[in-house]
Amino acid sequence: MGILVENVSKRFGSFQAVDRVSLEIKNGTLVALLGPSGSGKSTLLRLIAGLETPDSGEIWIMGKNATSQKVQERNIGFVFQHYALFKHMTVRENIAFGLEIRKVPKPQVRERVEELLSLIQLQGFGDRYPNQLSGGQRQRVALARSLAVQPEVLLLDEPFGALDAKVRKDLRAWLRRLHDEVHVTTVFVTHDQEEAMEVADEIVVTNKGRIEQVGTPSEIYDRPATPFVMSFIGPVNVVPSTSPLFQENGIDSPHPEIFLRPHDLAIGTATDGSGTPAKVSRIVNLGWQVQAELLLPDQQTLTVHLSRERFDQLQLQPQQQVYVQPREAKSFPVVSR
């Protein structure tokens, strides 16, 4: 067992940030806490770190009850969004800081720092100061500083949120490779679905202080447990079950809404007696694919994603009449909380 959260709650005034959450994170895994702002993901991370105290419930780290332990007793590394490097210290001194506090012998400190400089691919940057590094380099130094003391658990709070898109993407791939080398149990908070899908072994989807679903990226995307997960992970069309799109294509659901991914809709320009007529209202070139926005007879809007090859075959134009069919659809029972 890496981390075990048992029925934990945390309230700030009238706001219930975490509501009776239970979660097990296996030793050596890389787990994403994913959810919108205010969903409780950062509070849950801070509870695991010991930066907040739960109102109820227990937290176990590596088989030990850590609920009442102080931060420094939990043997964790914590990386914030804004680096929190010491500006007056060099890269080498920043990485060595935690080891020196623990009075590790100087030869061992030097060896560990050089090992980590190599691991974060910043050999030759040891004598530079944080203001002489790029944002991505500073975040790698922050990670190295957290790893220097060989923590049992590494916690990352939106570690790439302050970086531009290109650097974020590069660092995501780097973090995945780093984890595969060091195998430290890692939990990171993000609101970026693509980031979670690309990096994590497992994703914990949070909403309104509770956990909606836990699973691998493919499980979360292909088999969402709730309407919220379906809507939050990737683009989706939410269509009333009474729509002609379903009635004309033989789809019946007892639930009020049906969910369709944009790539789960088939589109054609000629009818063979099947398919619902629709009008192309807008075409958006997304580079590797094309997005077509359609208007159904009942004025319902649909978003369809097409491969470049399929789009070139159809030669779609705005205001063109097309015919659309659902290939796969999901519906969920209404659950009251």
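The structure we're discussing is the one just above.
If you're wondering where the values come from, they're calculated on a predicted model, not measured in any experiment. (Residues numbered from 1 in each chain as written. Predicted model: local features only at pLDDT ≥ 70, side-chain atom pairs only at ≥ 80, totals over all residues. Heavy atoms only, no water.)

Draft legend 1. Highlighting the packing of aromatic side chains. Taken as a whole and assessed by the stated rule, the structure comprises three aromatic pairs. Ring centres of Phe 228 and Phe 232 lie 5.4 Å apart, and the angle between their planes is 10 degrees; this geometry places the pair in the stacked category. With Phe 228 and Phe 232 both in helix H8 (residues 227–232), this residue pair falls four residues apart, about one helical turn. The buried category is assigned to Phe 232, whose relative accessible area is 14%. The interplanar angle of 80 degrees and the centroid separation of 5.3 Å between the aromatic rings of Phe 259 and Phe 332 together place this pair among those described as edge-to-face. With a gap of 73 residues between them, Phe 259 in strand E12 (residues 257–260) and Phe 332 in the segment after strand E17 (321–326) connect regions that are remote in the sequence. Of the two residues examined, Phe 259 and Phe 332, each falls in the buried class. It is Arg 145 that lies over the ring of Phe 86; its NZ or CZ is 5.1 Å from the centre. Its guanidinium or amino end placed over the ring of Tyr 221, Arg 261 lies 4.2 Å from that ring's centre, counting from NZ or CZ. (Phe/Tyr/Trp six-rings, centres within 6.5 Å; stacked < 30°, edge-to-face > 60°. Helix = DSSP H or I, 4+ residues; strand = E, 2+ residues; numbered from the N terminus. Buried < 20%, exposed > 50% of the residue type's maximum accessible area, 1.4 Å probe, protein only. Lys NZ or Arg CZ within 6 Å of the ring centre and 35° of its normal.)

Draft legend 2. The sheet that holds strand E14 (residues 276–285), seen in detail. With antiparallel pairing, five strands are arranged side by side in an open sheet as E13-E17-E14-E15-E16. Both outer strands of the open sheet, strand E13 (265–268) and strand E16 (301–307), are each paired with one neighbouring strand and no more. On average, adjacent strands in this sheet sit at an angle of 45 degrees to one another, irrespective of strand direction. Pairing of E14 with E17 involves four bridges; the strand directions are antiparallel. When the sheet's bridge partners are listed, Ala 278 is paired in E17 with Val 322. (Pairing = 2+ DSSP bridges. Axes fitted to C-alpha atoms, helices over the stretch in contact; angles between N-to-C directions.)

Draft legend 3. View of the packing of helix H4 (residues 135–148) against helix H5 (residues 165–182). At their nearest, the axes of H4 and H5 sit 10 Å apart, and the two run at 25 degrees to each other. Classified by the interaxial angle, the pair formed by H4 and H5 is roughly parallel. As for the relative orientation of H4 and H5, their crossing is right-handed in sense. Residues Gly 136, Gln 139, Arg 140, Leu 143 and Leu 147 of H4 form the contact with H5, whose own contacting residues are Val 167, Leu 171, Trp 174 and Leu 178. (Parallel < 35°, antiparallel > 145°, perpendicular 65-115°, else oblique. Left-handed = near helix turned anticlockwise from the far one by under 90°. Contact = heavy atoms within 4.5 Å.)

Draft legend 4. Structural context of the side chain of Glu 212. Along the chain, Glu 212 falls in strand E10 (residues 210–215). Accessibility expressed as a relative area gives 12% for Glu 212, which makes it buried. In terms of polar contacts, Glu 212 uses its side chain to reach the side chain of Asn 207, at 3.1 Å. (Polar contact = N/O pair within 3.5 Å; in protein donor to acceptor, adjacent residues only side chain to side chain.)

Draft legend 5. Structural view of the packing of helix H2 (residues 91–101) against H4. One way to put it is that H2 packs onto H4 with a least axis distance of 7 Å and a crossing angle of 25 degrees. By the criterion of interaxial angle, the relationship of H2 to H4 is roughly parallel. For the crossing formed where H2 meets H4, the hand is right-handed. Within the contact between the two elements, H2 uses Val 91, Asn 94, Ile 95 and Leu 99 and H4 uses Val 141, Ala 144, Arg 145 and Ala 148.

Draft legend 6. Examining unusual backbone geometry more closely. Of note in this structure, His 183 is not a glycine but carries a positive phi near 55 degrees. Unlike most non-glycine residues, Gln 315 shows phi in positive territory, near 55 degrees. With relative accessibility at 48%, the residue Gln 315 sits in the partly exposed group.

Draft legend 7. Structural context of the sheet that holds strand E1 (residues 3–12). Read across the sheet, four strands follow the order E2-E1-E4-E5 without closing on themselves; strand pairing throughout is antiparallel. In this open sheet, the two edge strands, each paired with only one partner strand, are strand E2 (15–25) and strand E5 (64–65). Bridge count for strand E4 (residues 56–61) against E5 is two bridges, and the pairing is antiparallel. Residue Ile 61 lies in a different strand from E5, and its bridge partner there is Lys 64. Taken strand by strand, helix H1 (residues 41–49) contacts E1, E2 and E4, and its axis lies near 120 degrees from that of E1.

Draft legend 8. Seen up close, H5. Spanning 18 residues, H5 covers 26 Å between terminal C-alpha atoms, matching the ideal 26 Å at 1.5 Å per step. Where H5 is buried, its residues touch strand E3 (30–34), helix H3 (106–119), H4, strand E7 (153–157), strand E8 (185–190) and helix H6 (193–199). (Expected span 1.5 Å × (residues − 1).)

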